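# Summary of structural features
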Amino acid sequence: MSNFILKIIAIITMFIDHLGYALYGQFSYFNYIGRLAFPIFAFGISEGYIHTKSKKNYLMRLFMFAIISQAPFMFFCSMFKTGFALNIFFTLFLGLVAIIGYENCKNKYLGLFLVLCLGLTADAFKMDYGYWGVFVIFIFHIFKDKKLLMNLSFIGLCLLRYLPLYFKYNFYLPYLILCACTILPLVFINLYNGKKGPNTKYLLYGFYPVHLMLLYVFNMIFI
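Attention in this report is confined to the structure presented alongside it. (Residues numbered from 1 in each chain as written. Predicted model: local features only at pLDDT ≥ 70, side-chain atom pairs only at ≥ 80, totals over all residues. Heavy atoms only, no water.)

### Side note on the pattern of salt bridges
What the rule picks out here adds up to one salt bridge. Among the salt bridges present, the one from Arg35 reaches Asp17, with a minimum N-O distance of 2.8 Å. Here the residue Arg35 occupies a position in the loop between α2 (30-34) and α3 (37-51), and Asp17 occupies one in helix α1 (residues 3-24), the gap between them amounting to 18 residues. Exposure class is identical for Arg35 and Asp17. Each is buried. (Salt bridge = Lys/Arg side-chain N within 4 Å of Asp/Glu carboxyl O. Helix = DSSP H or I, 4+ residues; strand = E, 2+ residues; numbered from the N terminus. Buried < 20%, exposed > 50% of the residue type's maximum accessible area, 1.4 Å probe, protein only.)

Structural data, given as structure tokens:
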């Protein structure tokens, strides 16, 4: 399975996730499918770090589209929640910063502390997926050559994210389903063959803000 196929799976499941919010204005069964998207995008960042010709340009690209996507993201979020949050590109950007920072630290304990600080920063600034998103990106990088550890650590992060909510809300079953659906992308990630496939560098970059804005307009007109 090429990087292109992974990206298409992530884009389709992300769209289904967001379509649910546009249709219902709240959590729906669409969001179970949507849990597949972020782990694949996170894995893509770890692969992008390896294959990019310029890490500086890669960072700048993510940050630029984070800025471009923020207004569509805020319009979209206004359909189902209040308050300020930063879109997923900021999380992807910070995840890449974590990888670069760790790899450039001679003292790896200091590097891990930096990753922890970046995760806390993602939470403090209310970035989509917060600390969890940054840590997922990082473990896909740090265990890229140790598949068993990569899988186990990712499953552990999924349990850390959802089990406390499951117990907090009186064994509320949807949190277990969300956990299982978030783990499911490992099937596709483990089928990745290391090949790039067709060049679609800007497919996600362009699709993300455009589809958010279109779904917001759709909701305003038809719902």
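### Considering the layout of surface pockets
Estimates place the volume of the largest pocket at around 980 Å³. Forming the walls of the largest pocket are 35 residues, and the residues nearest its centre are Tyr21, Arg35, Asp128, Tyr129 and Arg161. If you list the elements that add at least two residues to the lining of the largest pocket, you get α1, α2, α3, α4 (55-77), α7 (130-142), α8 (147-168) and α9 (173-183). Examining the composition of the lining of the largest pocket, we find that four residues originate from one element, α1, more than from any other. Residues belonging to the lining of the largest pocket are distributed by class as follows: 24 nonpolar, four polar and seven charged. Every residue lining the second largest pocket is counted, 29 residues in all, and those nearest its centre are Asn3, Lys7, Gly48, Tyr58 and Lys196. Counting residues per element, the lining of the second largest pocket draws most heavily on α3, which supplies eight residues. Within the lining of the second largest pocket, the residues separate by chemical class into 12 nonpolar, 10 polar and seven charged. (1 Å grid on protein atoms, 1.4 Å probe; cavity = no way out; pocket = protein on both sides within 12 Å on 5 of 7 lines; lining within 4 Å. Points joined across faces, edges and corners; volume = space filled by probe spheres on them. Nonpolar A, V, L, I, M, F, W, Y, C, P; charged D, E, K, R; others polar.)

### A word on unusual backbone geometry
In this model, Lys126 sits at a positive phi of 55 degrees, which is unusual for a non-glycine residue. One can find Lys126 in the loop between α6 (108-124) and α7. Taking relative accessible area as the criterion, Lys126 reaches 52% and is therefore assigned exposed. Positive phi values are uncommon outside glycine, yet Tyr129 reaches one of about 75 degrees. Along the polypeptide, Tyr129 turns up in the loop between α6 and α7.

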